[in-house]
Amino acid sequence: MAVITLTTDLGLHDYYVGALKGAILSQMPEVAIVDISHTVPAFDIRHGAYVLRQAYPNFPKETVHILGINAETKSNQSHLAIYCDGHYFVGTDNGIFSLLFDKVPDKIYDLSNIRQDTDLLIFPVKDVFVKAACHLARGGTPEVLGVQQDGFRKVDTVNPVFSENILHGTVIYIDSYGNSVINITKQFFNDSVKGKKFTIEFSGEEITEISQRYNESAGGNILALFNSAGYLEIAQAQDSVARLYNLTVGSSVTIRIAE
Amino acid sequence: MAVITLTTDLGLHDYYVGALKGAILSQMPEVAIVDISHTVPAFDIRHGAYVLRQAYPNFPKETVHILGINAETKSNQSHLAIYCDGHYFVGTDNGIFSLLFDKVPDKIYDLSNIRQDTDLLIFPVKDVFVKAACHLARGGTPEVLGVQQDGFRKVDTVNPVFSENILHGTVIYIDSYGNSVINITKQFFNDSVKGKKFTIEFSGEEITEISQRYNESAGGNILALFNSAGYLEIAQAQDSVARLYNLTVGSSVTIRIAE
Amino acid sequence: MAVITLTTDLGLHDYYVGALKGAILSQMPEVAIVDISHTVPAFDIRHGAYVLRQAYPNFPKETVHILGINAETKSNQSHLAIYCDGHYFVGTDNGIFSLLFDKVPDKIYDLSNIRQDTDLLIFPVKDVFVKAACHLARGGTPEVLGVQQDGFRKVDTVNPVFSENILHGTVIYIDSYGNSVINITKQFFNDSVKGKKFTIEFSGEEITEISQRYNESAGGNILALFNSAGYLEIAQAQDSVARLYNLTVGSSVTIRIAE
């Protein structure tokens with residue numbers, strides 16, 4: 001059965017998600033609709049991109065992922081369908097795609113042919129994205145949806161900085177356990193640290209080892225590990241490290257590497 | 001595949017929704033169960049009716065919609081199955097149906113034949129509604145569920161008042177973005193305003209235009225538009241107009257129409 | 001269609017649940033995935049066990065239930081697949097199974113053969129439980145998953161005490177309506193009270209009757225009934241008895257039985 005996933009900031013309180021699912025089932029009765037999250041903070045494309053970026057590789061190839069965050073087009077933003085890594089993505093060119101992919105995908109089409117069919121601008125996730133997603137989920141090609149595009153809008157991201165044996169990282173995401181994700185991948189960490197001794201510093205605390213799991217802390221209770229998404233993460237066994245040490249998105253985390 | 005939707009105040013925290021879904025799958029293994037919302041405020045039939053009213057027309061015809069809000073019967077309230085507009089609705093005659101439909105539907109049956117099978121009164125959504133819904137989703141007729149009824153219980157609604165070039169409206173719903181829905185439909189607005197100039201007034205603010213989308217405000221940041229449900233709505237681009245201007249369900253919104 | 005249910009503390013905010021569902025659909029395209037709850041309080045195996053214990057009997061036989069609460073193994077805890085009461089359960093041997101079943105089930109296997117396939121310890125619900133669950137949902141036998149076990153880890157539970165015509169009970173669960181569940185089953189109540197007069201006492205209040213439904217209180221507004229799970233429950237029609245009378249998990253409820 002074809003799969004369509006939903007990642008939105010529409011919430012669970014209103015009729016929006018129900019209307020979406022009804023529209024999908026009306027156009028495509030045999031499809032598995034999977035909620036990835038509807039509680040992305042309103043308009044927060046960074047949160048939404050992080051969630052879908054980690055979730056989508058687990059789905060079967062040819063899955064269609066609808067991104068309904070800040071979906072209204074503005075004068076310089078169009079609706080896009082993208083084929084990347086064997087998956088389809090339907091969303092708005094508001095910068096979210098630059099947070100989702102590390103490269104520019106081969107196939108990017110706007111939805112101008114879909115949009116011609118409708119003058120409903122109020123709820124494009126339902127009135128535009130669902131039509132494009134069902135077309136793709138039925139095996140249709142993105143080429144008929146609209147005009148091919150060269151790329152997508154980019155938004156700034158905070159990259160880690162490595163200089164004079166210090167890695168300057170930033171908290172980019174805090175999950176519902178309070179685990180705090182740093183913008184440092186396992187590969188970047190290894191390429192910088194090169195097996196030397198190191199100290200991870202934040203809020204006056206220090207961690208000197210990488211743990212393999214959440215309930216295995218070296219010494220105290222705070223620990224650092226590479227999470228299932230491959231990012232460095234600060235955690236505390238069975239508690240919220242973010243709450244205990246006042247970490248928020250944007251907090252600095254410094255890694256000092258021995259000479 | 002047949003579709004059964006769920007609109008309830010059962011929450012996402014307890015076993016109630018899981019038990020419902022298990023009961024449905026035990027009676028009908030091949031069915032698409034769609035959550036419309038389980039976070040309707042406890043016992044709030046107005047919220048629940050608004051949500052389902054806007055969501056259900058998006059679903060395929062013959063979909064069965066379970067309404068599990070304030071579902072226990074009282075002495076003067078029975079459980080009902082209703083066929084209206086090509087859809088089935090199963091719920092309690094507590095007034096919610098009068099908020100869902102503008103007319104009295106042709107087919108209204110109580111569930112007395114279903115209820116005879118059970119003496120479980122504690123959880124009628126699971127023990128009574130699921131049985132009726134699965135019967136209908138399998139293509140069964142409502143006639144066998146119980147006794148035909150003439151109508152359903154009505155609850156008062158706040159209607160807009162038009163007098164001396166002033167339209168008196170009321171906020172009836174606030175969504176999770178803080179957008180505030182007024183009890184004035186596009187048709188009622190147009191029939192009253194008749195193309196003349198107008199001023200929408202609330203909390204000391206004024207809006208003099210209808211926008212076509214949420215991120216297109218004329219002048220300031222607050223805007224008015226007709227939402228995807230066809231109601232007048234006050235919104236603010238990327239913020240909560242309800243929080244900023246202290247709007248709650250019941251707040252007054254006045255529209256002055258030029259002579 | 002085979003059914004896999006999910007009861008976790010993973011929340012609805014992050015990518016974890018989406019990743020789980022993607023992993024299931026990648027291994028088993030035709031399966032009904034049912035969310036029982038993802039908002040179990042973090043690490044709270046008692047809450048999770050109560051929820052699944054009441055929900056699972058409603059599902060078809062041979063349903064596979066994944067329990068993703070405090071799922072990481074420790075040195076003395078393994079991952080288990082259990083067959084009990086016609087259902088399969090996959091989770092961690094952290095005591096949760098002793099809260100789920102009243103007896104030791106016949107079939108208990110660890111997942112050592114599954115775990116050999118992976119060195120991913122960070123997210124065992126996705127990397128270990130999903131593989132075991134899909135195997136079972138496809139009709140595979142638990143015997144091939146790992147080594148047979150004699151039993152599972154037990155955690156202390158608060159049992160009601162009956163002495164000198166007084167039943168000492170404890171609040172074990174508060175649902176999202178504020179209804180407060182006591183650790184006294186209908187059978188234990190009946191065996192203790194033996195049809196005599198009784199007074200249920202808590203927070204200075206008294207109840208002297210068992211109601212049949214939530215909106216039928218004898219006299220005042222507070223009432224006691226046996227809930228759909230078979231436990232004694234204190235409730236208040238259309239309000240939260242927990243909030244009004246300061247009941248929390250662990251609060252005492254005393255039942256005095258007439259001589």
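Structural data are supplied above this passage.
These notes cover the structure that comes with them.

For the pair chain A and chain C, the relating rotation is 120 degrees, the translation along its axis is 0.0 Å, and the fit reaches an RMSD of 0.0 Å. Read as a symmetry element, the transformation amounts to a three-fold axis. Across chain A, the smallest distance between a C-alpha and the rotation axis is recorded for Ala 32 of chain A, namely 5.0 Å. When the interface residues of chain A are mapped onto chain C, a mere 3% of them are again interface residues, pointing to distinct binding faces.

Laying chain B over chain A is done by rotating through 120 degrees and shifting 0.0 Å along the axis; what remains is an RMSD of 0.0 Å. In this assembly, only 3% of the residues forming the interface of chain B have copies in chain A that are likewise at the interface, indicating a heterologous arrangement.

Contact residues are listed per partner, giving 33 residues for chain B and 26 residues for chain A. At the boundary of chain B with chain A, total buried surface from both sides reaches about 2,700 Å², with 53% on carbon and sulfur atoms. It is Asn 58, Tyr 177 and Gln 238 of chain B that lose the most area in chain B upon contact with chain A, and together they represent 24% of the buried surface on that side. At the junction of chain B with chain A, the criterion picks out zero salt bridges. Here chain B is connected to chain A by 15 residue pairs in polar contact (both at pLDDT 80 or more). When residues of the side of chain B that touches chain A are assigned to their parent elements, the largest contribution, five residues, is made by helix α2 (residues 45-55) of chain B. Taken together, the residues of the side of chain B that touches chain A sort by class into 18 nonpolar, eleven polar and four charged.

We now examine helix α2 (residues 45-55) of chain C. All names here are of chain C. In terms of burial, α2 is largely enclosed, as nine of its eleven residues are buried. The complete set of buried residues in α2 reads Ile 45, His 47, Gly 48, Ala 49, Tyr 50, Val 51, Leu 52, Gln 54 and Ala 55. Its side-chain oxygen at 3.2 Å from the backbone nitrogen of Arg 46, Asp 44 defines the N-terminal cap of α2.

Bringing the interface of chain A and chain C into the picture now. Chain A puts 33 residues into the contact, and the matching count from chain C is 26 residues. The contact between chain A and chain C buries some 2,700 Å² in all, and 53% of this surface belongs to carbon and sulfur atoms. In terms of surface lost to chain C, no three residues of chain A exceed Asn 58, Tyr 177 and Gln 238 of chain A, which account for 24% of the buried area on that side. Inspection of the region where chain A meets chain C yields zero salt bridges. In this structure, the connection of chain A to chain C is made through 15 residue pairs in polar contact (both at pLDDT 80 or more). Those elements giving two or more residues to the side of chain A that touches chain C turn out to be β2 (32-37), α2 (45-55), β8 (166-174) and β12 (222-226) of chain A. It is α2 of chain A that contributes the most residues to the side of chain A that touches chain C, five residues altogether. When its residues are assigned to classes, the side of chain A that touches chain C shows 18 nonpolar, eleven polar and four charged.

On to the sheet that holds strand β5 (residues 87-92) of chain C, then. All names here are of chain C. Strand order in the open sheet made by the six strands is β2-β1-β3-β5-β4-β6, with mixed pairing throughout. Each end of this open sheet is capped by a strand with a single partner; those strands are β2 (31-37) and β6 (107-110). If you compare each strand with its neighbour and ignore which way they point, the axes differ by 20 degrees on average. As defined by bridge partners, strand β3 (residues 64-68) adjoins β5 across three bridges and the pair is classed as parallel. Bridge assignment links His 65 to a residue of β5, and that residue is Phe 89. Contacting β1 (2-8) and β2, helix α1 (residues 16-27) runs over the sheet at an angle of about 155 degrees to β2.

Moving on, we get to the pattern of salt bridges. Summed over the entire model, instances satisfying the criterion amount to 21 salt bridges over all chains. A salt bridge links Arg 53 of chain A to Asp 102 of chain A; its shortest N-O distance comes to 2.8 Å. Of this pair, Arg 53 of chain A sits in helix α2 while Asp 102 of chain A sits in the loop between α3 (96-100) and β6 (107-110), and the two are 49 residues apart along the sequence. In this structure, Glu 201 of chain C engages Arg 256 of chain C in a salt bridge whose closest nitrogen and oxygen atoms are separated by 2.9 Å. Note that Glu 201 of chain C is positioned in strand β10 (residues 198-202) and Arg 256 of chain C in strand β15 (residues 252-257), a separation of 55 residues in sequence. Note on Arg 256 of chain C: relative accessible area 41%, which makes it partly exposed.

Rules and cut-offs
- Residues numbered from 1 in each chain as written.
- Chains lettered and ligands numbered in written order.
- Predicted model: local features only at pLDDT ≥ 70, side-chain atom pairs only at ≥ 80, totals over all residues.
- Heavy atoms only, no water.
- Least-squares fit on C-alpha atoms with pLDDT ≥ 70 in both.
- Contact = heavy atoms within 4.5 Å.
- Buried area = accessible area lost by both parts, 1.4 Å probe.
- Salt bridge = Lys/Arg side-chain N within 4 Å of Asp/Glu carboxyl O.
- Polar contact = N/O pair within 3.5 Å; in protein donor to acceptor, adjacent residues only side chain to side chain.
- Helix = DSSP H or I, 4+ residues; strand = E, 2+ residues; numbered from the N terminus.
- Nonpolar A, V, L, I, M, F, W, Y, C, P; charged D, E, K, R; others polar.
- Buried < 20%, exposed > 50% of the residue type's maximum accessible area, 1.4 Å probe, protein only.
- Pairing = 2+ DSSP bridges.
- Axes fitted to C-alpha atoms, helices over the stretch in contact; angles between N-to-C directions.

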